Amino acid sequence: MLRYPIRCAGVETESARIRQHGLTCAGLHCESSIDRECYSAKNLAHSEAALRKIHFRKSEILRDNNNDSLSNDHRQMNISHLSGQFEKLFGTRPQIYRAPGRVNLIGEHTDYNDGFVMPAAIAFSTYVAVAPRRDRQLAIHSEQFPDSFECELDNLPQRRTGSWWDYILGVALELRRRGLHLSGANLLVHGEVPIGAGLSSSAALEVASAFALMNRTETSLPRPEIANVCRQAENNFVGARVGIMDQFVSCLARGGHAILLDCRTLEYQFVPVPAGIQFVVCNTMVKHDLASGTYNTRRAECEEAVRYFAQWDPAVHALRDVSVDLLNQHAADLPPIILKRARHVIFENQRTRDAARAFAQGDMLTVGQLLHASHCSLRDLYEVSCRELDLMVEAAEGLPGFIGGRMTGGGFGGCTVNLVRQEDADEFAAQIAQRYRAGSGIDPQIYICSAEDGAQALTTTSPVRNPA
Ligand code: GAF
């Protein structure tokens, strides 16, 4: 029996077929979920080509029993492979760091409004192998992309270059801005978080790179600060105005738990995912592509709402501060679009805290209702869903073991997340794939997974230490 940390129901990828290991997704890491302009045409063409190699085996669903050793086996495979490649390229043995992608269970488009989110890390990860150099060069290579980059650490580009290594350069610049003395290093990246699927491949790359770059520094930063470094790298260097959620969960996640995060104070608590429940993540295969700047437009609309409410209450600094009463008092005066955006954020914050409470009480009926309400609000008020996401959400209704589901991540494509009873997960996966295919004509990918640990340092035998 084959065992994997993430099972892709009914799909096989090229890399998996080659390695005869089945089921991870095409190994691609380097999209910005927000700003696609930053990719060179060549890199995009390369990732498109890799994605086209994915094909569907209609009759096969792999089964395994979910347990911790699955992730370890899978990681071990990646570590040995990456170590070998690194040695071939640079002639030394590397230290390897892993940082995961995520699913967000609830609390969407609330992070940049100082609100609440509840994500969990998943096993799809980015691995960065690193070894020091004698000089002050930084050399960056990828297993997935043919182009590599090299430059003097003391002469890093001050503006984005438009390629995948911008995430790493941005992180290096932010670390230096905080006074860390970075040494010359060789880096080799292996990414397996699916591209454009809204599972935070860019955050995984940033976080794994941050740990790799800090490998030889005397100062280490606390993990919440590393998350901040990575977020600022994306804001300031890559040019995407993302919130803190993705980087935070990639740094701090705990296996078996989601994180309820207050994005204003960065206070957080772990919320146990009840035993016997799995995440079934359904990839619509519509790439979430916000190149048109719609994500930044949503942010601007929220800022407009804040300016409006601050006239009436100077204590309003973000939509987080707007009460339902204040919203209702002024509903008639707000432009309709701004009212819809504000309404989504204000009620989504409430739903997120309610969901954390319901999770803790094991009240999965309420959790399911809250997830559904969140999706409707993202579709109708925040307007970041799309036909395929709605179809995938509808396709889950009434399937065996279904507790609740919604779109996850920035939107406009990408994935839905479903909470499903473990014993029914395979059947659920098979049926939702079939319903979605019938409704859209698109073969989806379905990942059956659970909540994983955040970033860690690894060796070829076992995890060695957590770096901060
Ligand atoms: C993307 C962003 F990167 C996050 O910060 C968050 O805003 C999310 O979209 C929407 O909740 O993943």
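Residues numbered from 1 in each chain as written. Predicted model: local features only at pLDDT ≥ 70, side-chain atom pairs only at ≥ 80, totals over all residues.

Looking only at helices and strands, the protein chain features 13 helices and 15 strands. When each of the 468 residues of the protein chain is scored for burial, the buried share is 51%. Partitioning the intrachain contacts of the protein chain with sequence separation of at least 6 by distance along the chain shows that 74% fall at a separation of at least 24. (Helix = DSSP H or I, 4+ residues; strand = E, 2+ residues; numbered from the N terminus. Buried ≥ 20, exposed ≤ 12 C-beta atoms within 10 Å, placed from the backbone. Contact = placed C-beta atoms within 7 Å.)

Looking at the ligand, there are 12 residues lining it, with E108, H109, V242, G243 and G410 nearest. The residue inventory of the shell around the ligand, partitioned by class, reads three nonpolar, six polar and three charged. Three or more residues apiece are contributed to the shell around the ligand by two domains, here domain 1 (33–39 + 278–449) and domain 2 (64–274 + 452–464). (Near = placed C-beta within 6 Å. Nonpolar A, V, L, I, M, F, W, Y, C, P; charged D, E, K, R; others polar. Domains from an automatic or database assignment.)

Consecutive residues of a regular strand have side chains that alternate between opposite faces of the sheet. Within strand 8 (residues 185–191), seven of the seven residues are buried, leaving the element largely enclosed by the surrounding structure. Where burial is concerned, the two faces of strand 8 agree: the one with A185, L187, V189 and G191 and the one with N186, L188 and H190 are both buried.

The subject of this paragraph is the pairing of strand 7 (residues 149–152). Here strand 6 (residues 137–142) pairs with strand 7 via four bridges, running antiparallel. The residue of strand 7 that forms the bridge with Q137 is E152. Counted between consecutive antiparallel strands, the loop separating strand 6 from strand 7 contains six residues. (Pairing = 2+ DSSP bridges.)

Take helix 12 (residues 387–396) next. One full turn of an α-helix is made of 3.6 residues, so residues set three or four places apart face in the same direction. For helix 12, every residue scored as buried is listed here: E388, L389, M392, V393, A395 and A396. Viewed end-on, helix 12 has its buried residues packed into an arc of 160°, placing them on one side of the element. Here the buried face of helix 12 lies against strand 11 (277–283), helix 11 (364–380), strand 12 (402–407), strand 13 (415–421) and helix 13 (425–440). A positive phi of about 80° marks G398, the residue just after helix 12. (Arc of directions from axis to C-beta.)

M118, V171, V207, A208, A210 and V280 are the most contacted members of the largest nonpolar core, which has 111 residues in total. Of all the elements, strand 5 (residues 116–132) adds the most residues to this core, at 12 residues. Among the domains, domain 1 (33–39 + 278–449) and domain 2 (64–274 + 452–464) are the pair contributing at least three residues each to this core. Not counting residues within four places of it along the chain, the set of residues in contact with V207 comprises A99, I226, C230, Q247, S250, C251 and A455. (Core = buried A, V, L, I, M, F, W, Y, C linked by C-beta atoms within 7 Å.)

Before going further, it helps to spend a moment on the packing of helix 8 (residues 294–312) against helix 10 (residues 336–360). Interhelical geometry of helix 8 versus helix 10 gives an angle of 95° and a closest axis separation of 9 Å. For the element pair helix 8 / helix 10, the angle class is roughly perpendicular. Contacts between helix 8 and helix 10 pair R298, E301, C302, E304, A305 and Y308 from the former with I337, I338, R341, A342 and V345 from the latter. Residue classes in the contact of helix 8 with helix 10 are distributed as seven nonpolar, no polar and four charged. (Axes fitted to C-alpha atoms, helices over the stretch in contact; angles between N-to-C directions. Parallel < 35°, antiparallel > 145°, perpendicular 65-115°, else oblique.)

Let us look at the packing of helix 5 (residues 201–213) against helix 7 (residues 245–252). Contact geometry for helix 5 and helix 7: axes closest at 9 Å, N-to-C directions at 50°. What the angle tells us is that helix 5 and helix 7 run oblique. Both helix 5 and helix 7 take part in a crossing whose hand is right-handed. Where helix 5 approaches helix 7, its residues A203, A204, E206 and V207 are matched on the opposing element by D246, Q247, S250 and C251. When the residues that make up the contact of helix 5 with helix 7 are grouped by side-chain class, the tally is four nonpolar, two polar and two charged. (Left-handed = near helix turned anticlockwise from the far one by under 90°.)

Phi at H109 takes a positive value of approximately 60°, unusual for a residue other than glycine. Looking at where H109 falls in the secondary structure, it is placed in the loop between strand 4 (95–106) and strand 5.

When the pLDDT values of the protein chain are averaged, the result is 85; 81% of them are 70 or greater. Under a pLDDT of 50 for its full length, residues 461–468 has, in the predicted model, 18 contacts with residues more than four places off or in other chains. (pLDDT = per-residue confidence, 0-100.)

The topology assignment puts Y436 in helix 13. Among the residues examined, Y436 registers 25 C-beta atoms within 10 Å and is labelled buried. When the C-alpha atoms of Y436 and E394 are compared, they prove to be 9.1 Å apart, with 42 residues separating the residues in sequence. Apart from the residues within four sequence positions on either side, Y436 is in contact with L391, M392, A395 and P444.

Moving on, we get to the environment of T126. Among the structural elements, T126 can be located in strand 5. Classification of T126 by C-beta neighbours within 10 Å gives buried; the count is 30.

Mapped onto the elements, A210 comes out in helix 5. Put simply, A210 and L169 are 41 residues apart on the chain and 9.9 Å apart in space, counted from C-alpha to C-alpha. In contact with A210, other than residues within four places in its own chain, are V171, L175, I226, V229 and C230.

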